[in-house]
Amino acid sequence: MQKKYTINVDISINSGQVFLWRKYQDYWYGVNGQNVLRIDNLGKIKSYQNKSIDFFRNKDNTDQIIKSISKDKVTKNSVKKYFGLRLMDQDPFQCLISFIVSSNSNIPKIKQSLECICARFGDKIKFDNKEFFLFPTPEKLSQASIFEIKKCGVGYRAKFIKEAAKVVVLKKIDFEELRKTNYSEAKKHICKIPGVGNKVADCVLLFSLNKLESFPLDRWMIKILEKYYLDEFKIMTKTITEKQYEILHEKIVKHFGPYAGFAQQFLFKMERENYKKKWL
DNA sequence: CCAAGGCCTGAATG
DNA sequence: ACATTCAGGCCTT
């Protein structure tokens, strides 16, 4: 009998999905929207809001998913090496703003900007005798001045942040609704948000809207595909246009199947570790 | 449909 | 000490 697929919390948190996390002794603490989560090394969660949350997607049949994405040597190796890596189901608004901030940036910088945004616009709370700033509500961010948002070092993205928050407040985008719609429909809607292109949209869909076939293609993933999957995907250009992104995504889903997003996370983790890139 | 350049910041390199 | 390069994705032309 094969060992059931468990959770490796360290690996999961250090995989580029989340930014507002820190470790105190044996627990990871992380901001997730209006909630703060405390996670032990088995993945057991206690939350500030005291409500249960399937943050690690335990309802998935993960054993089957892992089997399904293990189509080739590369994924098989990364699945083995990073055993316990999970996709996390995040607060959608925080996820959206996080990945708008992420564009044209890097992980340490993203983390710093987001922490500043929380401290400046989020509510201060106490949990486990520690202080945290919650992520700001859409209302709060939609009313913030661009000048104030810029103080968090987000530069030209400040107006995207404000506009994105407005879109959410005005219910032009409804996360609950998007969770139920299919991948391409949901993507069409989310790409209308200022500052959201293909890559950011796929991150939001994968990490907070339950779209497991989305496969965010950033510079790293392109590099990875060129390096290990040249025969399969034949990437010809350095800059990926919208059309090419779409075609490439179709090929990817054909190769990895409906849970391609899981494969993306393993490959990303693997290559960033190879290059010893910083996580949090 | 595609190509090129601008937007911002901070770390790394010269 | 200072200047340049680089990383990074979206938007406009």
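Conventions and cut-offs
Residues numbered from 1 in each chain as written. Chains lettered and ligands numbered in written order. Predicted model: local features only at pLDDT ≥ 70, side-chain atom pairs only at ≥ 80, totals over all residues. Heavy atoms only, no water. Phe/Tyr/Trp six-rings, centres within 6.5 Å; stacked < 30°, edge-to-face > 60°. Buried < 20%, exposed > 50% of the residue type's maximum accessible area, 1.4 Å probe, protein only. Helix = DSSP H or I, 4+ residues; strand = E, 2+ residues; numbered from the N terminus. Lys NZ or Arg CZ within 6 Å of the ring centre and 35° of its normal. Near = heavy atom within 4 Å. Polar contact = N/O pair within 3.5 Å; in protein donor to acceptor, adjacent residues only side chain to side chain. Nonpolar A, V, L, I, M, F, W, Y, C, P; charged D, E, K, R; others polar.

Caption draft 1: How the structure looks around the packing of aromatic side chains. In this structure the tally under the stated criterion is 17 aromatic pairs. The interplanar angle of 80° and the centroid separation of 5.5 Å between the aromatic rings of Phe-55 and Phe-56 together place this pair among those described as edge-to-face. Residue Phe-55 is classed as buried on the basis of its relative accessible area, which comes to 1%. Seen from their ring centres, Phe-93 and Phe-135 are 6.0 Å apart, and the 75° between their planes marks the pair as edge-to-face. With Phe-93 in helix H4 (residues 92-102) and Phe-135 in the loop between strand E6 (130-133) and helix H6 (138-143), this residue pair connects regions lying 42 residues apart in the sequence. Like Phe-135, Phe-93 is buried. If you follow Arg-38 out to its NZ or CZ, it ends over the ring of Tyr-27, 4.0 Å from the centre. Just above the ring of Trp-220 sits the side chain of Arg-272; from NZ or CZ to the centre is 4.9 Å.

Caption draft 2: Here's a closer look at the protein's contact with DNA strand B. In the vicinity of DNA strand B, the contacting residues are Asn-104, Lys-109, Gln-112, Gly-153, Gly-155, Tyr-156, Arg-157, Thr-241 and Lys-243. Taking the atoms of DNA strand B that fall within 4 Å of the protein, sugar and phosphate contribute 86% of them. Contacts to DNA strand B include Tyr-156, whose backbone N or O atom sits 3.4 Å from a sugar or linking oxygen. Thr-241 is positioned such that a nitrogen or oxygen atom in its side chain is 3.2 Å from a phosphate oxygen of DNA strand B. For the surface near DNA strand B, a count of residues per class yields one nonpolar, five polar and three charged.

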